[in-house]
Amino acid sequence: MKAWHHLALGGLVVLLGVGAAGACFTFDQLTWMLVAWALVPVGLLELAWGASRSGSVRGTRTRYGALPAFYVFAATAQLGSVIALGVLWPEVVMWGASGGPILLLPAAHVLLVAVTVVLAILTVRRGATLQPGMKGRGRLQLAALVTMLSLALQHLPLLLMVVGAGAAITSGFSFTYSLDEARLALAGDLQNALPWLALASGVTIVADLVLRASLWYLLPERFRFYFWLLFDAALTVGFAVATFTLPLQPLGPEPEALVDPVIRLSLTAAFALRVFVRILPLLMQGLEATSFELLVASRHLRAKKSGFLATIGGLSILAVAVSTAMLVGVLSVMGGFRNDLKQKILGNQAHIVVDLERRTFEGWGPLIEQIERVPHVEGVTPFVTGEVMVTSATNMAGAVLRGIDPATVGRVTDLERNLTRGRLDYLVHPERMLDLPPEERRSILPLDGPNDTRGLLDEIANEINDELARQRTPGPTPPREVPPPSEGLREALGTDLDEFLVDRPARTPTTQPAADVLPGIIVGKELARSLRVYPGDEIDVISPLGELGPAGPMPKSRRYRVAGVFYSGMYEFDMKLVYVLLESGQRFLSTGDAVSGIEVKVSNVDRAPEVATAIRRSLVESGRDDLRVQDWQELNRGLFGALALEKLAMFVTLGIAVLIAGFCVFGTLTLMVQEKSREVGILFAMGTTRSAIVRVFIVEGLLIGLYGAVLGLGLGYLVTFVFEHFGFRLNPEVYYIDRLPVNVDPVEFTAVGLVALGVCVVSTIFPAVLASRLRPVDALRLD
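For clarity, every value in this text was computed on a predicted model and none was experimentally measured.

Before going further, it helps to spend a moment on the overall build of the chain. Along the chain, the regular secondary structure elements total 30 helices and 12 strands. Looking at the chain as a whole, 41% of its 783 residues are labelled buried. Sequence separation of 24 or more characterises 77% of the internal contacts of the chain that already satisfy a separation of 6 or more. A total of about 42000 Å² of accessible surface is found on the chain, and carbon and sulfur atoms cover 65% of it.

Structure follows, in structure tokens:
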């Protein structure tokens, strides 16, 4: 069959497929429409085959020309129009009935598809006219064929969009368009085949992009120069505009708020990468002028190599970059967890604790005044503590009771800021808890508030009516519907519901008996959830250290009223700690006027050990050398020691990735020694010493590690910046934090970069020694 036969047959098949698909669409035959549409790629491939065999000048051209450039840009623009159609398709549908400027997008897409098909066919023909064996000839033809196949597969989902849009327009927009509804309209077999079609479309798109990228160096050099010139100018303008007009962080939690920061961050990253690429040749030229070893090493890296060696060299730099980025990213996340844990611990515990081991002590008033005079001390508060059992009407749990002074505890810990319900003032004035507002009890608002209970009561009445109607037997008279409650009844039921949920009748301070005034207690969120208590509820606190009775030691019990619920962010604190007034805790624990310790807050938490030493020295001078002074690092030595050990283990584990990258550098330089043996022989013949050759290849490995480390640190900083400012959301019910914590430490970044450089330098020792042992006679024998 001749070439024009293939062209005619391909055109006929394309026309037949498009016409049949249009006819089936007119008569709502979706199944046959997709079958007819499948003829289109067959016809396109037949056209391409005919184009490849046509022409009497086949095998005579020696240049590609500008056709591949036009083909690549047309295909890329067409793919961008597909993405734009997918994103803006609801707007296109809404404008479909009345028309509008947005309808120019489908028209532009159709035009781009037609231009891309024509250029792809011409590209296949151009590849057929090139001389056999010319570099890139088969790649050019394969890229054009894959582009046409990708076009056919891309437009299957687009065809479903058109079907759904047509149905939406004809029905007067009576339903919201979605791909799921369009899929339901398909036949059973084709519906099962859609995932495979989507997978095939994705694979062809990826292959098409890779093949198009591989055609870059087939384009004319002048064209590439002007392209990068225009690209850098546009990128610089975009970076400047984004820097001065777009926010760096999302302004709200909604997804739309991420668009502007993502655009600015993308432009900034691209601009930084282009600046690095532009500065790199200038840096290499500057290095060449410093010493002989740097001159030779830079020329080796910049010189054209064999394809395999160039690929290995690029992969070695990429391996160093990826391993470095991964290591700094993990260390930053672990540092973020450590800082988050440190802030939560220091928010609920003091920076320094002065106490006696397992005993209480008296005379703490003068000690507080003495400690307050120590430099860098910001707050001091006493406390008493003991282990107790807390019981409610539904559950019981073990806890640690701490008696605190509400007047001074806010200057040492964040207890008052951590309260989610209730008030710290209720510990001092427990009578105010007798008439708590509904929002402080169980978030049950008044009947006129936003959480009106009348709607809930109406729903309950309607459910009762439906259930009664189902239970009644059918009779000659229809069942009588129970009317909904009246306004007065709803008010009464709402009041009864609130009083039932708070487990007590409505009271006022004027009618409340004095016997019901109970001391207040503040519990953690998890403990309140376990006990199922809310502010205003009563709980019993039991201490095992009670009075001695006839049968032995008797536990002491005291009833308290919940004055508040705090959320510290630490499960152990929220589950175990309960706070009462200092005097109440002393009476309950039978400590008299003694306290368990004194808590101290300093101005700089990192200087807590120094301040603790100063406090210890001051106490010894005043004759209280029996007191123990511990800073927060000593109190939590086991926890932070475990975190440090885990961080070291992760550093060593992920450092193996950097070591593997060093093996890549080792292989690259070993192959480079074999390829550059002739140049090494010439250097020996010119009088270069063996130590100079060793330094040349060590410098090459150092430069490879330097490029990889810089790229890796930049990529790692970009990832950590995104996590720190954009936030990686976590489930707080599972992880007890709502976002992934990140802490960027410049010291860690520097250490990782130095480790990467050290591994790369060590990996170059053997290839460098191997190159220095080459004999000039052996290197130049074949030349």
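In this section: the side chain of Thr720. Within the secondary structure, Thr720 sits in helix H26 (residues 690–725). When residues no more than four places from it in sequence are discounted, the contact partners of Thr720 are Val328, Gly329, Ser332, Val742, Val744 and Phe749.

It is worth spelling out the nonpolar core at this point. Counting 67 residues, the largest nonpolar core has Val523, Ile598 and Ile615 as its most contacted members. Not counting chain neighbours up to four residues away, the residues in contact with Ile598 comprise Ile352, Val353, Val354, Phe361, Trp364, Leu367, Ile368, Ile371, Val380, Thr381, Pro382 and Phe383. Core analysis: the second largest hydrophobic core is formed by 36 residues, Leu331, Leu703, Val759 and Ala771 among them.

This part takes up the packing of aromatic side chains. Under the criterion given, the structure shown has 10 aromatic pairs. A centroid spacing of 4.2 Å and a plane angle of 5° characterise the contact between Phe239 and Phe271, whose relative ring orientation is stacked. Placement of the pair is Phe239 in helix H9 (residues 221–245) and Phe271 in helix H10 (residues 259–288), with a sequence separation of 32 residues. Residue classification places Phe239 among the partly exposed residues on the basis of a relative accessible area of 22%.

Per-chain confidence: the chain averages 76 in pLDDT, with 70% of residues scoring 70 or above. Note that residues 54–62 has pLDDT below 50 and, in this model, 22 contacts with residues that lie over four places away or in other chains. Within the model, pLDDT remains below 50 along residues 96–102, and this stretch shows 10 contacts once partners closer than five positions in the same chain are excluded.

So, about the pairing of strand E1 (residues 352–355). Look at any regular strand and the pattern is simple: side chains alternate between the two faces of the sheet. The two faces of E1 match: Ile352 and Val354 on one face and Val353 and Asp355 on the other face are all buried. In terms of strand pairing, E1 meets strand E11 (residues 597–602) through four bridges, oriented antiparallel. Bridged to Val353 within E11 is Glu599. In this sheet, strand E12 (residues 628–631) lies alongside E1 in antiparallel orientation, the contact comprising four bridges. Residue pairing for E12: Ile352 is matched across the bridge by Asp631.

Right, let's talk about the packing of H10 against H26 for a bit. Between H10 and H26, the shortest axis-to-axis distance is 12 Å and the interhelical angle comes to 165°. The angle between H10 and H26 falls in the class roughly antiparallel. Between H10 and H26 lies a crossing of right-handed hand. For the pair formed by H10 and H26, the contact residues are Leu265, Ala269, Leu273, Phe276, Leu280, Met284 and Leu287 on the first element and Leu703, Tyr707, Val710, Leu711, Leu718, Phe721 and Val722 on the second. Residues of the contact of H10 with H26, tallied by class, amount to 14 nonpolar, no polar and no charged.

Scanning the entire structure with this criterion turns up zero disulfides. Of the cysteine sulfurs around Cys664, a residue in no disulfide, the closest is that of Cys760, at 9.6 Å. Residue class for Cys760 comes out buried when judged on its relative accessible area of 1%.

Another point: a nonpolar patch on the surface. Taken together, the side chains of Leu659, Phe663, Phe666 and Phe766 make up a nonpolar region of the molecular surface, amounting to roughly 410 Å² of accessible area. Sorting elements by how many residues they give to the nonpolar patch places helix H24 (residues 637–675) first, with three residues. Relative to the elements of secondary structure, Phe663 occurs in helix H24. Residue Phe663 is classed as exposed on the basis of its relative accessible area of 55%.

The next point concerns the pattern of salt bridges. Under the criterion given, the structure shown has 17 salt bridges. Residue Lys344 is joined to Asp340 by a salt bridge in which the shortest nitrogen-to-oxygen separation is 3.1 Å. Of this pair, Lys344 and Asp340 both sit in helix H12 (residues 307–348), four residues apart, which is roughly one turn of the helix. Owing to a relative accessible area of 14%, Lys344 belongs among the buried residues under this scheme.

Attention shifts here to the environment of Gln343. Mapped onto the secondary structure, Gln343 falls in helix H12. A residue is classified by how much of its surface remains accessible, and Gln343, at 58% relative accessible area, is exposed.

Burial analysis of E11 places five of its six residues in the buried class, which makes it a mostly covered element. Note that strand E2 (residues 377–391) and E11 share six bridges and pair antiparallel. Counted as the bridge partner of Gly379 is Lys601 from E11.

Conventions we followed
Residues numbered from 1 in each chain as written. Predicted model: local features only at pLDDT ≥ 70, side-chain atom pairs only at ≥ 80, totals over all residues. Heavy atoms only, no water. Helix = DSSP H or I, 4+ residues; strand = E, 2+ residues; numbered from the N terminus. Buried < 20%, exposed > 50% of the residue type's maximum accessible area, 1.4 Å probe, protein only. Contact = heavy atoms within 4.5 Å. Areas by Shrake-Rupley, 256 points an atom, 1.4 Å probe, with all protein chains shown as cover. Core = buried A, V, L, I, M, F, W, Y, C linked by side-chain atoms within 4.5 Å. Phe/Tyr/Trp six-rings, centres within 6.5 Å; stacked < 30°, edge-to-face > 60°. pLDDT = per-residue confidence, 0-100. Pairing = 2+ DSSP bridges. Axes fitted to C-alpha atoms, helices over the stretch in contact; angles between N-to-C directions. Parallel < 35°, antiparallel > 145°, perpendicular 65-115°, else oblique. Left-handed = near helix turned anticlockwise from the far one by under 90°. Nonpolar A, V, L, I, M, F, W, Y, C, P; charged D, E, K, R; others polar. Disulfide = S-S within 2.5 Å. Patch = residues over 30% accessible without salt bridge, like charges linked within 9 Å, V, L, I, M, F, W, Y side chains within 5 Å. Salt bridge = Lys/Arg side-chain N within 4 Å of Asp/Glu carboxyl O.

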